[in-house]
Amino acid sequence: MTITHGFELLREHDLAEADSTARLYRHVRTGAELLSLINDDENKAFGIVFRTPPPDSTGVAHILEHSVFCGSRKYPLKKPLIELARGSLATFLNAITSPDRTSYPVASQNLQDFYNLIDVYLDAVFYPVLSRDTFEQEGWHYEVEERDAPFLYNGVVFNEMKGAFSSPEIVLDSWSAKLLTPDTVYSHDSGGDPKSIPDLTYAALKDFHRRYYHPSNARVFFYGDDDPAERLRLLDGWLAPFDRVAVESAIVLQPRFVEPRRSQHTYVAPADNGAPAKSFVQANWLLGEIDVAETYIGLIILENVLAGTPASPLYRALIDSRLGEAWAGSGLTVEFRQAVFSAGLRGVDAANVDKVEPLILDVLGALAAEGIDRSMVEASVNTIEFRRRENNTGSFPRGLQLMRRAVGAWLYAIPSRGSPSPRRSPPSRRASPQANAISKASSSNISWRIPIAPRLSCDRIRSRRRARPPRNAAGSMPFAPA
Ligand SMILES: [Zn+2]
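Everything numeric here is computed off the predicted structure, so don't read it as measured data.

(A) Inspection of helix 5 (residues 156-164) at higher detail. Those residues of helix 5 that sit buried are Val157, Phe158, Glu160, Met161 and Ala164. Seen along its axis, helix 5 keeps its buried residues to an arc of 165 degrees; they face one direction. Where helix 5 is buried, its residues meet helix 1 (60-67), helix 4 (132-139), strand 10 (152-154) and helix 6 (168-180).

Spelled out as structure tokens, the structure:
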């Protein structure tokens, strides 16, 4: 075994479609993994990702994500990230709390700037100050406006999530996840439910950091035209002080239901001139893990066929039914270990609530029985192929887009069957493969789908919601205004 700066090379692969050579390493001392993409892109990208399964809905992962950037060992500034953004050439600077992980991505076209940013990021995640003041400021604290007035809650994340939970779509997503994946971490709200955030203690925040922000629980990503050997040397300097530990962060799979589950909840509807508030109805399927690239592409194409265009059969049937005002549901979502498909309608009159689920099942049933028109499949294949080849990430750094795509399977250590055999297999936590067709309520994987614009505020919310379409055993969820 050849060791370079503390890393052993697990596998190397040419990625023609990304004009890159990919090398997957493991840090021998700590077990941290490094995916190193070597290419000519001067928009260099770096990211460190920890599996952070939330134990509850207190928002501990989200509050920690905010808090690590409130001062660290080398950078005791109150807001080093904001200071950085002012003087940096960064093309992307942010941190993202997802339902089972926390990611710290950054990109820059200037080499020295890139190294400076990485230094701040790694110091923040491994050595944050995490003072009680920070916990109270970013998490929650009591406030009283005047003598004898009632105590109020305040806090950056508390307020952010109060804002988020005022959106019916976010509340619908939260209830859908609880209904669909009740036995997993996805039944908790990683961002924090404002009702639960005040249950979080300072000690629990510090313990969450100690438990999960460890090199043995880290995946590190590098991309661009910087010196690949320097990546190993630099990172070894950060990782070497740690010993390897066993981190209990594996994400369990949701067992299949034996029959659909339904639930109904209320939301606070905006005042609308006395008009009766309307309902959201959403049907959700839990698919499988995506352990084969073809399955992933197949699901993307199928989603496009079903609901990707105004002429798509599921989309059109829902809209034409006039049972509701607009599409509801995120379509195919791959940010859980098992993929999810959801479809439905918003703006549904109370009298029509029970008609939406049968309509969706009729459309899917007919497509399953009669088959999908070949020209529609071809059109979708062309659309998806064009998008993939064009790989237009807009202003979002291309390197970080590749990190997003890689991190799901990587995070769950699902070996890619389409790649050459690794020199040594990564540890497999994969459960037995599930069946594949959406119509049979079945398979898929995890990665981020939502382009994230470069900004400093928290992106958790946007990563859960797409503008339009489609969660395990077909559970439909009428969602009525309170
Ligand atoms: Zn936030």
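(B) Local environment of unusual backbone geometry. The phi dihedral of His5 falls on the positive side, at around 45 degrees, and the residue is not glycine. Position of His5 among the secondary structure elements: in the loop between strand 1 (3-4) and strand 2 (7-15). In this structure, Leu130 is a non-glycine residue whose phi angle is positive, near 50 degrees. Looking at where Leu130 falls in the secondary structure, it is placed in the loop between helix 3 (111-126) and helix 4.

(C) Quick peek at the nonpolar core. Counting residues in each nonpolar core, the largest one holds 112 residues, and the members touching the most others are Tyr121 and Val125. Tallying contributions element by element places helix 3 first for this core, with nine residues. Ignoring any residue separated from it by four or fewer positions in sequence, one finds Val125 in contact with Ile48, Val68, Tyr104 and Tyr213.

(D) Structural context of the packing of helix 9 (residues 293-307) against helix 12 (residues 374-390). Between helix 9 and helix 12, whose axes approach to 9 Å, the crossing angle comes to 120 degrees. With respect to helix 12, the axis of helix 9 lies oblique. In this structure, the crossing between helix 9 and helix 12 has a hand that is right-handed. Counting all contacts with helix 9, which are made through Ile300, Ile301, Asn304 and Val305, the residues of helix 12 involved are Met376, Val377, Ser380, Val381, Thr383 and Ile384.

What counts as what
Residues numbered from 1 in each chain as written. Predicted model: local features only at pLDDT ≥ 70, side-chain atom pairs only at ≥ 80, totals over all residues. Buried ≥ 20, exposed ≤ 12 C-beta atoms within 10 Å, placed from the backbone. Helix = DSSP H or I, 4+ residues; strand = E, 2+ residues; numbered from the N terminus. Arc of directions from axis to C-beta. Contact = placed C-beta atoms within 7 Å. Core = buried A, V, L, I, M, F, W, Y, C linked by C-beta atoms within 7 Å. Axes fitted to C-alpha atoms, helices over the stretch in contact; angles between N-to-C directions. Parallel < 35°, antiparallel > 145°, perpendicular 65-115°, else oblique. Left-handed = near helix turned anticlockwise from the far one by under 90°.

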